[in-house]
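Geometric and topological summary
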Amino acid sequence: MLKIEHLDVWFGLPPDRVDAVKDAGFNVTAGESFGLVGESGSGKSTILRAIAGLVDSWTGRIEVDGQQLEGHRRDRDFYRSVQMVFQDPYASLHPRHSVDAVLSEALKLQGMDDIDGRIPQLLDDVGLGRGFRFRYPHQLSGGQRQRVAIARALAGQPRLLLLDEPTSALDVSVQAEILNLLTDLRAEHGLTYLMVSHDLAVIGHMCDRLAVMQHGRIVETMDVAALRRGAGRQDYTRHLIAASSGYRRD
Ligand SMILES: Nc1ncnc2c1ncn2[C@@H]1O[C@H](COP(=O)(O)OP(=O)(O)OP(=O)(O)O)[C@@H](O)[C@H]1O
């Protein structure tokens, strides 16, 4: 459902140009959860941002369900099927916008009808009671804010969610709740995930396959599900630890 081919992304102009992603390519099948890991600065978030239309300078091919992202413009049809959830729920919600306003705006932007009826459903989907509808971000915990951010992403009934460290700003106990919610949503809504995380336990728990990035390139892909099923715990951990430490293998 997601096809990335020969993706190059850069920032700035020579001599300061940064080549953040170099000739990246991978496919994610419908319903799969695919992880991106690698050292800091290796280009993981940049890949997500390119797919989300948040960077201007890129070449290559980005395709979702056969629909190609054209040029560098935001394309309404394309973005109905692709949504992003960011790391920091504190930064991603406007402090003066109530939950109702956030979800109404997202539903309008996605061209959805029956906005009033859909908001309670979205709140139910992310495990927030309807009493949260008229609260403001400062009246919510970190985990509740991230649930609102996830509800906002679900507003247009997307097929692909881009998850950029969706739990790393949260307390450990809350992280597990949000990961369980994401697992349930994937099954219930038939979602596909492309997920960046530094936390290999998170990737191991959430992902079917992963790609390891180093200096802007994908240097290896791994079948996490097969590792989980077939390899002993030690092997599995060794593979994942190798992935996390900038692809150092013994
Ligand atoms: N807006 C920008 N302008 C200039 N350089 C950028 C910009 N955004 C990212 N970069 C650079 O692109 C490279 C890749 O950054 P990216 O954020 O994708 O890495 P990452 O693997 O997600 O890192 P981290 O795990 O630390 O979040 C880095 O060298 C970074 O400094």
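The following paragraphs examine the structure supplied in this document. Bear in mind that the values here come from a model prediction, so they are computed numbers and not experimental data. (Residues numbered from 1 in each chain as written. Predicted model: local features only at pLDDT ≥ 70, side-chain atom pairs only at ≥ 80, totals over all residues.)

1. Structural notes on the sheet that holds strand 1 (residues 2–11)
Read across the open sheet, the four strands follow the order 2-1-4-5; overall the sheet is antiparallel. Edge strands, defined here as strands with exactly one partner in the open sheet, are strand 2 (18–28) and strand 5 (67–68). With six bridges connecting them, strand 1 and strand 4 (residues 58–64) associate as antiparallel partners. The residue of strand 4 that forms the bridge with lysine 3 is glutamate 63. (Pairing = 2+ DSSP bridges. Helix = DSSP H or I, 4+ residues; strand = E, 2+ residues; numbered from the N terminus.)

2. Regarding the site of the ligand
Contacts to the ligand come from Phe11, Gly12, Val18, Ala20, Gly38, Ser40, Gly41, Ser42, Gly43, Lys44, Ser45 and Thr46. Of all the secondary-structure elements, those providing two or more residues to the shell around the ligand are strand 2 and helix 1 (44–51). Broken down by element, the residue count for the shell around the ligand peaks at three residues, all from helix 1. (Near = placed C-beta within 6 Å.)

3. Re the pairing of strand 8 (residues 192–196)
Burial within strand 8 is extensive, with five of its five residues counted as buried. Judged by which residues are buried, strand 8 turns out to be covered on both faces: Thr192, Leu194 and Val196 on one side and Tyr193 and Met195 on the other are all buried. Here four bridges tie strand 3 (residues 33–38) to strand 8, and the two strands are oriented parallel to one another. Directly across from glycine 35, in strand 8, lies its bridge partner methionine 195. Where strand 7 (residues 160–164) meets strand 8, five bridges bridge the pair, whose relative direction is parallel. Bridge pairing in strand 8 links leucine 162 to leucine 194. (Buried ≥ 20, exposed ≤ 12 C-beta atoms within 10 Å, placed from the backbone.)

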